[in-house]
Amino acid sequence: MHKPQPEPRSAYKVFRTISTRWMDNDAYGHVNNVIYYSWFDTAVNAYLIEQGVLDIEHGSTIGLVIETQCNYFEPLAFPQNVDAGIRVARLGNSSVRYEVGLFAQGAPLTAAKGHFIHVYVDRATRRPTALPQPLKTVLETLV
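A few points on the structure. Being a predicted model, the structure only gives us computed values, none of them experimental. (Residues numbered from 1 in each chain as written. Predicted model: local features only at pLDDT ≥ 70, side-chain atom pairs only at ≥ 80, totals over all residues. Heavy atoms only, no water.)

Along helix α2 (residues 133-140), the residues classified as buried are Leu135, Val138 and Leu139. Taken end-on, α2 shows its buried residues confined to a sector of 100 degrees, consistent with a single buried face. Opposite its buried face, α2 presents the exposed residues Gln133 and Pro134, each directed more than 90 degrees away. Taken together, the buried residues of α2 touch α1 (33-50), β3 (81-91), β4 (95-104) and β5 (112-122). (Buried < 20%, exposed > 50% of the residue type's maximum accessible area, 1.4 Å probe, protein only. Helix = DSSP H or I, 4+ residues; strand = E, 2+ residues; numbered from the N terminus. Arc of directions from axis to C-beta. Contact = heavy atoms within 4.5 Å.)

A few words on the sheet that holds β3. Strands sit in the order β1-β3-β4-β5-β2 across an open sheet of five strands; the sheet is antiparallel. The two strands at the open ends of the sheet, each matched to only one other strand, are β1 (14-19) and β2 (61-72). Adjacent strand axes in the sheet meet at a mean angle of 25 degrees when their direction is disregarded. Direction of pairing for β3 relative to β4: antiparallel, over a ladder of nine bridges. Across the sheet, residue Leu91 finds its bridge partner in β4, namely Val96. The strands that α1 touches are β1, β2, β3, β4 and β5; relative to β2, the one it contacts most, it runs at about 140 degrees. Of the strands in this sheet, β3, β4 and β5 touch α2, which is tilted by about 115 degrees from β3. (Pairing = 2+ DSSP bridges. Axes fitted to C-alpha atoms, helices over the stretch in contact; angles between N-to-C directions.)

This brings us to unusual backbone geometry. Most peptide bonds are trans, and most residues other than glycine sit at a negative phi. The step from Phe78 to Pro79 runs through a cis peptide bond, and the omega angle for that step is -5 degrees. Inspection of the secondary structure puts Pro79 in the loop between β2 and β3. We note that Arg126 has phi near 60 degrees; this positive angle belongs to a residue other than glycine. Here Arg126 lies in the loop between β5 and α2. A residue is classified by how much of its surface remains accessible, and Arg126, at 46% relative accessible area, is partly exposed.

What follows concerns the pattern of salt bridges. Enumeration over the complete set of coordinates arrives at seven salt bridges. Here Glu7 makes a salt bridge to Lys113, at a shortest N to O gap of 3.5 Å. Here the residue Glu7 occupies a position in the segment before β1, and Lys113 occupies one in strand β5, the gap between them amounting to 106 residues. Overall, Glu7 belongs to the buried group, its relative accessible area being 18%. On the basis of relative accessible area, Lys113 is assigned to the buried category, the value being 16%. In this structure, Glu99 engages Arg87 in a salt bridge whose closest nitrogen and oxygen atoms are separated by 2.7 Å. (Salt bridge = Lys/Arg side-chain N within 4 Å of Asp/Glu carboxyl O.)

By themselves, these are just geometric observations and shouldn't be taken as functional.
Here is the structure:
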């Protein structure tokens with residue numbers, strides 16, 4: 001098994017800047033690990049909303065997280081801006097593996113990187129459903 005390594009900005013397709021908050025730091029003076037997972041959700045879902053392919057209030061299809069993971073390379077801390085790079089590593093019929101790299105603003109390599117997998121389901125039945133074509137079209141640009 002290989003040891004995960006930091007990646008350059010060029011490994012990601014789009015970026016979103018996220019501001020750290022006072023409450024993100026833990027007793028050790030850096031951002032707590034659980035916050036990184038929140039940033040993954042924020043970066044991906046905000047991008048999908050901005051692209052017009054995710055309606056969190058009325059959409060008939062929603063993404064449920066079935067797997068998540070993160071590797072940490074350098075600490076991040078408040079006050080600091082973080083650039084979240086996004087890419088799609090796998091695009092299935094009803095699932096997507098999103099990969100997110102977190103960079104200290106302006107840094108060339110990831111401070112952390114991770115992934116999560118969404119299975120897209122019908123909002124009412126919670127059964128897997130094919131990715132809607134507009135969503136699939138947007139996601140294909142991130143592969």
